[in-house]
Structures are given as C-alpha cells and as structure tokens.
Amino acid sequence: MIKLQIVTNYINNTKDFFNSFRNEKGRQTYRRIGSITFPAFVELFLNSIFGVINLVMVGRLSTEAIAGVGLTNQPLFLLMAIFAAVNVGTTTLVSWNIGKNNFKQASFITKQAIMFNVILGVVVMLIGYFGARFFIPLLIDDDIVINYAVGYFQIISLGIAFMTVSMGISAALRGAGITKIPMIYNICASLLNVTLNYLLIYGNFGFPELGINGAALATTISRGISCTIAILVLVFWKSSPIRLKIRTSWLPHLKTLKDIFRIGMPTAGEQFVIQTGLLVYLRIVSSLGASAFAAHQIAISVNSMAFSISQAFQISNNSLVGRSVGGDDYDLAERYTIFSRRLARLITGIVAAFFIIFAARIASIYTDDLQVISLAIPVFYLMSLIQYVQSSQMTTAGALKGAGDIMYPLYASILGIWGFRIALAAVFVFVFDWGVTGAWLSFFIDQCGRSFVIKRRFSSGKWREMKSVREERMRLRNEKLQKSTSV
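Definitions and limits used
Residues numbered from 1 in each chain as written. Predicted model: local features only at pLDDT ≥ 70, side-chain atom pairs only at ≥ 80, totals over all residues. Heavy atoms only, no water. Helix = DSSP H or I, 4+ residues; strand = E, 2+ residues; numbered from the N terminus. Buried < 20%, exposed > 50% of the residue type's maximum accessible area, 1.4 Å probe, protein only. Contact = heavy atoms within 4.5 Å. Areas by Shrake-Rupley, 256 points an atom, 1.4 Å probe, with all protein chains shown as cover. Core = buried A, V, L, I, M, F, W, Y, C linked by side-chain atoms within 4.5 Å. Axes fitted to C-alpha atoms, helices over the stretch in contact; angles between N-to-C directions. Parallel < 35°, antiparallel > 145°, perpendicular 65-115°, else oblique. Left-handed = near helix turned anticlockwise from the far one by under 90°. Nonpolar A, V, L, I, M, F, W, Y, C, P; charged D, E, K, R; others polar. Patch = residues over 30% accessible without salt bridge, like charges linked within 9 Å, V, L, I, M, F, W, Y side chains within 5 Å. Salt bridge = Lys/Arg side-chain N within 4 Å of Asp/Glu carboxyl O. pLDDT = per-residue confidence, 0-100. Phe/Tyr/Trp six-rings, centres within 6.5 Å; stacked < 30°, edge-to-face > 60°. Lys NZ or Arg CZ within 6 Å of the ring centre and 35° of its normal.

Chemist: Quick rundown of the overall build of the chain? Include the residues and the values.
Modeler: Broken down by element type, the chain carries 17 helices and zero strands. Taken over 487 residues, the chain has a buried fraction of 53%. For the chain, restricting intrachain contacts to residue pairs at least 6 apart in sequence, the fraction spanning at least 24 positions comes to 80%. Accessible surface for the chain amounts to roughly 22,000 Å². Of this, 66% is attributable to carbon and sulfur atoms.

Chemist: An account of the nonpolar core is needed here, citing residue identities and associated values.
Modeler: Ranked by size, the top nonpolar core spans 41 residues in total, and within it V94, I169, L234, V325 and W463 carry the most contacts. Here this core takes six residues from helix α4 (residues 81-99), the largest share from any one element. Not counting the four nearest positions on each side in its chain, W463 is found in contact with V325, Y330, A333, E334, L400, A403, D405, R457 and F458. The next biggest cluster of nonpolar side chains, apart from the first, holds 35 residues, and it includes I274, V302, V372 and V429.

Chemist: Before we move on, can you summarise the packing of helix α7 (residues 160-175) against helix α9 (residues 212-236) with the specific residues and values?
Modeler: Viewed as axis vectors pointing N to C, α7 and α9 meet at an angle of 40°, and their least axial separation amounts to 8 Å. Accordingly, the angle class assigned to the pair α7 and α9 is oblique. Viewed along their axes, α7 and α9 form a crossing whose handedness is left-handed. Contacts between α7 and α9 pair F162, M163, V165, S166, I169 and L173 from the former with T220, R223, G224, S226, C227, A230, I231 and L234 from the latter. Here the residues of the contact of α7 with α9 are counted per class, giving nine nonpolar, four polar and one charged.

Chemist: Pulling in residues and values, what's your account of the side chain of N318?
Modeler: One can find N318 in helix α11 (residues 290-326). The exposure class of N318 is buried, given its relative accessible area of 8%. With sequence-adjacent residues up to four places away left out, N318 is seen in contact with T91, T92, G398, K401 and G402.

Chemist: Could you give me a rundown of unusual backbone geometry, with the residues and numbers involved?
Modeler: Positive phi, normally seen in glycine, also occurs at F205, with a value near 55°. One can find F205 in the loop between α8 (180-202) and α9. Backbone geometry places D328, a non-glycine residue, at a positive phi of 60°. Within the element layout of this structure, D328 appears in the loop between α11 and α12 (330-357).

Chemist: Break down the environment of M383 for me, with residues and values.
Modeler: The topology assignment puts M383 in helix α14 (residues 370-402). Along the backbone, M383 and A352 are 31 residues apart, and their C-alpha atoms lie at a distance of 7.7 Å. Not counting the four nearest positions on each side in its chain, M383 is found in contact with A299, V302, N303, F355 and W440.

Chemist: Could you give an account of a nonpolar patch on the surface, naming the residues involved and the relevant values?
Modeler: Among the surface-exposed residues, V118, I119, V122, V123, L126, I127, Y129, F130 and L158 lie close enough to one another that they form a single nonpolar patch of about 760 Å² accessible area. Within the secondary structure, V118 sits in helix α5 (residues 103-135).

Chemist: Give a detailed account of the confidence of the model for the chain, specifying residues and quantitative values.
Modeler: Residue-level pLDDT values for the chain average 82, and 89% of them are 70 or greater. Across the chain, element-level confidence peaks in helix α16 (residues 435-460) with a mean pLDDT of 93 and bottoms out in helix α17 (residues 466-486) with 58.

Chemist: An account of the side chain of S442 is needed here, citing residue identities and associated values.
Modeler: Assignment of secondary structure puts S442 in helix α16. Judged by its relative accessible area of 0%, S442 falls in the buried class. Residue contacts for S442: discarding those within four places in its chain leaves Y281, F420, R421, L424, A425 and F428.

Chemist: So what's going on with the environment of G34? Which residues, and what values?
Modeler: Checked against the element boundaries, G34 lands in helix α2 (residues 24-59). Owing to a relative accessible area of 25%, G34 belongs among the partly exposed residues under this scheme. Once the C-alpha coordinates of G34 and L343 are considered, the two residues, 309 residues apart in sequence, prove to be 9.1 Å apart.

Chemist: Tell me about the pattern of salt bridges, and please be specific about residues and values.
Modeler: As enumerated under the stated definition, the model contains seven salt bridges in all. Across the pair R464 and E334 runs a salt bridge, and its minimum N-O distance is 2.5 Å. With R464 in the loop between α16 and α17 and E334 in helix α12, this pair connects stretches of sequence that are 130 residues apart. On the accessibility criterion, R464 (26% relative accessible area) is partly exposed. Its salt-bridge partner being D446, residue R421 comes within 2.9 Å of it at the nearest N-O pair. Remark: D446 occurs in helix α16 and R421 occurs in helix α15 (residues 407-431); sequence separation between them is 25 residues. Judged by relative accessible area, which is 5%, R421 ranks as buried.

Chemist: Residue-level account of the environment of F339, with values.
Modeler: Within the secondary structure layout, F339 lies in helix α12. Sequence spacing of F339 and D16 is 323 residues, and the spatial spacing of their C-alpha atoms is 9.2 Å. The residues contacting F339, other than those within four sequence positions of it, are S20, G26, T29, Y30 and I33.

Chemist: Which residues make up the packing of aromatic side chains, and what values do they have?
Modeler: Enumeration over the complete set of coordinates arrives at 13 aromatic pairs. Taking 5.2 Å as the distance between ring centres and 45° as the angle between the ring planes, the aromatic pair formed by W440 and F443 counts as tilted. Here W440 and its partner F443 are both found in helix α16, three residues apart, which amounts to about one turn of the helix. A relative accessible area of 5% places F443 in the buried class. When the centroid spacing of 5.0 Å and the interplanar angle of 5° are considered together, the rings of F458 and W463 count as stacked. Considered together, F458 and W463 belong to a single accessibility category, that of buried residues. Clustering of aromatic rings is evident, with ring pairs tying together F354, F355, F358 and F380. If you follow R342 out to its NZ or CZ, it ends over the ring of F339, 5.1 Å from the centre. For R421, the ring lying beneath its charged end belongs to F443, and the centroid distance is 3.8 Å.

Here you go:
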C-alpha cells in the first residue's frame, strides 16, 4: 500500500514537473534552481566518493585500521555540531542581506562568522587532541583499534580550525547564491587528500610510510589548503558580492554574533539530536551480528552518496528562499520550494528505481558473501523509499531555515530520531526479530514522520512571518542596547 502510494505520488509529481516546464517562467525557475543545486550536488557527491576511496585505501592496512578510522567519525560529528549554528545562521543572514542588496552588511556578517569559527575551532581542536585518549576507549574495548583511533583523531584534530573556517566561508558564499566556488576548492582539496593518502599511507615515491597516521596527516593538510583558497577567494575575487577586508577591524561584534546564533542554534541542537540518536541506533544494529552489520554498513555507504542529492537541494533552497524573503518576495520563495521539491522527487525517484533494480549487483561490489548480499537487498528497497521521502523533507526544511523558521526542523528531528527510529528499531529488532530490515524500516518511518511535520508547517504559511518577527526583535534589542549605553 505504501509503495503504491509513493508510485502514484511520483507519477503525479512527474506530470506536474513537465506541465510547469512547458512555459518560459517555469523553465527559468528550474534553471535558477539547477544553477545553484548542481554545483552543490557535484561537490557533495564527489566528496562522498572520495570518502569511500580514502576508507578503501586505509582498509588495505588492516581490519583494525579501518575500524579505527570509522570509530572517529561520530565523536568528530558531535564536536562539530556547534558549527552548524554558525553556518546556518551565516547562510540565512547573508541571504537576507543579499536579497536587500546590502552587500556591505553581508560581508560584515561573514567576517564575524569567520572570526568566531577560528576561535571556536581552536578550542575544539584542543578538546579533540587532548581528549582523544579519554573518550575513544569509551566506544570500544579493542586495544589495537583504540591505538589506531587515538593517533588518527589527534592528527585530524589539528586541522579542525582550518575546516571550520572554510565551512563558514562556504556557508556565506552559498547564502549569496554562489555554489560553484565552494565546489571547486572543496573538490581540489579532496583530490589532494587522495593523492597525499597514496604518498603518505604507503610511502610511495620516497615519502615516509606513515600508515593510518599518514591518512590523518593527508586530511589535515588538504583542509589547510582548502581554508587558504577559501580566504583568498574572499580577499581577491573582485566579482564576489562578499568581500573580506583584512585591514578593517577584527573585533567581535556581539550583536551580530547573537543574531547568527539565534537563527543557527536550533540547527546545532538538531545535529546534536541526530548524532546522539545515531550512536544509539548504531548500537542496536551492531547487536545483530557481523553479517547483518556488514549489510547495514554497505547500505550506509551507498546511502551517503544518494543523500548528497537531498542535501544539495536543501542547500540551494535555503539560499533561494533566504534571498527571496530578504527581498520580501514570499510568493517567489514558495514557488522555489514547490519547484525544488518536484525536481528533487523526480531525480531521487530515478535513483530509487536504480537501487531497486541493481540492488544485488551493487551489494556484490562490496562483498562476495552471499549471506550479506541477501540481507542487503531488502535494505536497498527500503533505502529507495527513504531517499524519495527524504528529498522532499530536506528541501522543505531548507525553505523553513532560509525564512528563519528554524525550530520546526529541530522538532521534526527529535520526533523522527527518538520518537520513531530508535524506539521502533528496538521493537522491530528485539521484539519482532526483523533484523536489519526492521532497523531500516524504522529509518523509513522516521523520515515519514519528519516529512509530515515539516510539510504541515510550510503549508501553514507561518514561515512568512518569521523574518519580520526576528527583525523586530533585533530592532528592540538594539534600542534597548542604545538606551543602556547612553545612560
């Protein structure tokens, strides 16, 4: 019944797409969406491919080495959650000011975000470097894996400040509707990372053979290069609507930082909810045994590449809606969202069909274990449904964030992760004994729940009021601050 409804929705969505594409206004809207979405997608997709390649290269060392690298991902994501607040707040405020043609204020916001990311990045770097020996052993009991993970995490921690600065600059550029430049320097950094991996992991062409530490060093160096290029773009690219003037004041402006965090903190909370929930979810799946967990990891790897489609549409719609709202054109913001959802569903529907048809062949690329492949096939079917629902949900969530309506994506994530995915995964796995398929069924229900909340909020139209509400609050705070300083 669910599959039939999704197929029906896809057919109707495809008809709507082609009907809207027949007129010039519709084609212009899709071209505008595509011009921002495509570079973001290319960047995210290729980075996910490079991530797979990096993991394969480390995997040649030993099973413990690949486990050590994989073990560091979740702690790193948790440490980076706070930067989601800065990046989303930066994108939204920059897009509003670009929509008003206030390029000077957009540049000022970007500079404040960069400065804060430097300070906080150094703090997180120190926590990661000195704290690795304390929190890594809490995640696993294998001493060999712990040694690998601690050394790897300490080295990549040294590059966290580089990563946070480039993330902040990318967020600002995307808020201005510029996605090609971040795509270029991030892809270049990923290519450099893979090249340095080849040289430093195995000691090729006379370079030292550093093993897993060479992989960490390659990542740190590539992040430093990416950060340098991103800064140079803002300083020297004269066509950029956002410019970074080195000689002007670098003192923190508390009001601007507060505005950034007021918009972005729910997103940081959302990321914290998601990452902590994923730790619990991972623990449930890992209890199913090696074969089931291997099937799960294969699906996660493939899903990360497909996820880049939904993420790209979220980024582009955040920017497009933000600039439309900044120019007080709410009808255009709604039009962008409707058209973006249609395009996202159309593309993910094609990808979903590909996963369903070639599920066994894709799984066999990763392993020749027939038991693992048989477990992965039904998971691929569910993953296909998840991608279709997720694309619409994330595109609409991007619209809410671009409009400054930032609490409902957080509410949806809490409901989806903790109310549906974790609770139902425990029931499906431990009570009904549905194995890894049951775990992914809970994932699908999670996305359906989030989609319902997000869609209802957008359909209510209350997101149209959020920018004026926030600007009025900012105005009142400024008046209060001026009165207090004049006394």
